[in-house]
Amino acid sequence: MEHYVDKKALEKIVGDVRAQNSIFSDKSFLDNLSVTNSIIGRESESKKLVKFLLSYEKGLVVPLVSIYGRSGSGKSTIVQFVCQNLDVDFCYVNLRKAKTVFGCINLILSELGHENLKNAQGMNYAFGIFEKLILQKLEKSDNSIFVLCLDEFDTLFYDKRGKPSDFVYKIVVLVEKLRTLKRHMCIVTISNKVLSEFNLDDRVVSRIGTSEIYFDSYSQSDVLKIIRNRAKKSFLKKIDDDVLQYCADISSEEHGDARRAIDLLRTSGEIAGTENEKISKKHVDKAVSQLQKNQITTIISGGSYHFRLACAALSRLTYINDEGWHSTSDLFKQYQKIISPDTRQISYRRFSEMLVELVNSGIAVSKTESKGRHGYGSQFKLSVDPELIGNSCFPDWWPSVVESKKKKEAAAQASKRLKLLSSGRRSSSLGNLYRTLGF
Ligand SMILES: Nc1ncnc2c1ncn2[C@@H]1O[C@H](COP(=O)(O)OP(=O)(O)OP(=O)(O)O)[C@@H](O)[C@H]1O
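Computed from a prediction, not measured in an experiment: that's the story for all the values here. (Residues numbered from 1 in each chain as written. Predicted model: local features only at pLDDT ≥ 70, side-chain atom pairs only at ≥ 80, totals over all residues. Heavy atoms only, no water.)

Structural notes on a nonpolar patch on the surface
Right, on to step 1. Taken together, the side chains of Val 5, Leu 10, Ile 13, Val 14 and Val 17 make up a nonpolar region of the molecular surface, amounting to roughly 400 Å² of accessible area.
Right, on to step 2. Mapped onto the secondary structure, Val 17 falls in helix H1 (residues 7-21).
Right, on to step 3. Accessibility expressed as a relative area gives 39% for Val 17, which makes it partly exposed. (Patch = residues over 30% accessible without salt bridge, like charges linked within 9 Å, V, L, I, M, F, W, Y side chains within 5 Å. Areas by Shrake-Rupley, 256 points an atom, 1.4 Å probe, with all protein chains shown as cover. Salt bridge = Lys/Arg side-chain N within 4 Å of Asp/Glu carboxyl O. Helix = DSSP H or I, 4+ residues; strand = E, 2+ residues; numbered from the N terminus. Buried < 20%, exposed > 50% of the residue type's maximum accessible area, 1.4 Å probe, protein only.)

As C-alpha cells, then:
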C-alpha cells in the first residue's frame, strides 16, 4: 500500500508534535547546540582559560591551549562562553564537518565569511587569505587578540594523507608572524584526547609548549544540578526529583555526561507529552531506548558502505553464534562473505582500521589478546544489540541472518534428538543382551 501525506495526515502529524511539546514552557534550555548562560561549577577550568588568554595584556600569549576530557563534560560550552564574554575576537569551528585537512581550512575561512576554496588553489594560498581575514577582523574591532577554537580537533588527524601535523605547524607559524605585527593569536583545541596522543611533529611540539586544561567528568550530583536547573526553566510543571535523579543516574553510569542527561530529559518529556501523562521513570526508560536507536541510525547512515559491512559482519557473527568476542581475521572472512560480488574489497589493513572506527563510534569495544608465538591480536565485541545494528545496516539482508540462525538452531535440536534416540537404542539392545545372558 502506498503511503503519502495528505491534508488529514499532516493535521495528525501537527497534532502529534503539539502533544509532544505540550509539557514544555521553553525547550531552548534543553537544546544541546546552543550555548547556555548559566553554567554550573567549572570555575577553576574557566579561570585557567581566562588566565591563558588574557596574558596577551602583558604581551605574551601561549600559541596553543589544549582542552581535553570525556564527552559531555562542558568543554565546548566553557570555551565558547569565555570567548563570548572577553574582549577578544574569536572563531569557533567544529571540525567534525570536515573530511580532509583542506576541508578544515575551508571551514575556518567560511566561519570568517570567506567563500570555499578549491583544493587546487593550495594550502599556502588558503593561509594567505586566513592571515588577511584575521588582520581585517582585529583592525575592525580594535582588539589585540584572535582566538581560533578548533573543536573535535581529532578529526584533523583522520586525513593522514593531508599532513595534519603540517597544518598545525602552519597555524603556529602564523601565530609567530602575527606577533611580529604586534597582534596576538591563540589556538584553543578541544578534544576527548590529550595532545600527546596526536601524531604531531617535533617542530610543532617544541613550539606549542604544554598548556593544557583537563575537564574531569561530572559526578552524578553535578549532572543532577545541571538538569535540575534546566528542568525548572523548560517545563510547565515541576518535575519530580526522583525522575531527575533517575536521568542523572543513567547519564553517569559510564561517566558523568551532561549532554546525555539533557537529551534524556528532553526526550522523556516528549514521550510523556505524547502519552498525555506526567513525566515518570517509565518515560525515561523509553527515552533511553529511543535515543540509543537514533544514535545508532545516525552513526550507521553516516558511515561508508564498507563501514556498514564491518558492522554487519560483527552483528552476524555475534547473533548466529551467541558469542561476544571476535578476532579481526574472523570478521574479515565474514566481511568477504557478505560483500556484494561486484564491489571491490578493501584490504585487510584498511578493514582493521574500520574496526577501530567502529570502536571510536561506540558501537563496539576491543581488547588485545596474546596469540602465543604469533604475537598479539585484537578482538572486538558489539556493545549494542546485534539485531538493531544488522537491521539498521542492511534491512533487506538481516531477515536472511535471522532465518540462518533459526535453521542452525533447528539442526542442532535435530542432532540432539538423534543422539538421544541412538543412545536409547543402544541401551535397549544392551538390556536385551544382559537378559539373554541371565543377568
Ligand atoms: N557546567 C555546566 N553547566 C550547565 N550546562 C552544562 C555544563 N556542562 C555542560 N553543560 C551542557 O551539557 C551539554 C554538553 O556540553 P558540551 O558540549 O560543552 O560538552 P563537551 O565536553 O564539549 O562534549 P563533547 O566532547 O562530546 O563535545 C551542553 O548542552 C551544555 O550546555
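Considerations on the side chain of Arg 230
Right, on to step 1. Among the structural elements, Arg 230 can be located in helix H8 (residues 220-234).
Right, on to step 2. Asp 31 is the oppositely charged side chain nearest to the buried, salt-bridge-free Arg 230, at an N-O distance of 8.1 Å.
Right, on to step 3. For Arg 230, the residues in contact, after removing those within four places along its chain, are Phe 29, Leu 30, Thr 36 and Ile 262. (Lys, Arg positive; Asp, Glu negative; His and termini not counted. Contact = heavy atoms within 4.5 Å.)

Here we look at the side chain of Asp 89
Right, on to step 1. Residue placement: Asp 89 occurs in strand E2 (residues 89-94).
Right, on to step 2. For the buried residue Asp 89, which engages in no salt bridge, the nearest side chain bearing the opposite charge is Lys 137, 4.5 Å off.
Right, on to step 3. What Asp 89 contacts, discounting residues up to four positions off in sequence, is Lys 137, Leu 138, Ser 141, Asn 143, Ile 145, Phe 146 and Val 147.

Remarks on the sheet that holds strand E5 (residues 211-215)
Right, on to step 1. Across the sheet, which stays open at both edges, the five strands sit in the order E2-E3-E4-E1-E5 with parallel pairing between neighbours. Sheet topology places E2 and E5 at the edges, where each strand pairs with a single neighbour. On average, each strand axis in the sheet is inclined to that of its neighbour by 15°, with strand direction left out of account.
Right, on to step 2. Sheet topology note: the E2/strand E3 (residues 145-151) ladder contains six bridges and is parallel. Within E3, the position partnered with Tyr 92 by the bridge is Cys 149.
Right, on to step 3. Against the sheet, helix H2 (residues 43-54) engages strand E1 (64-69), E3, strand E4 (184-191) and E5, with an angle of about 160° to E5.
Right, on to step 4. Helix-sheet contacts for helix H5 (residues 123-141) involve E2, E3 and E4, and the interaxial angle to E3 is about 130°. (Pairing = 2+ DSSP bridges. Axes fitted to C-alpha atoms, helices over the stretch in contact; angles between N-to-C directions.)

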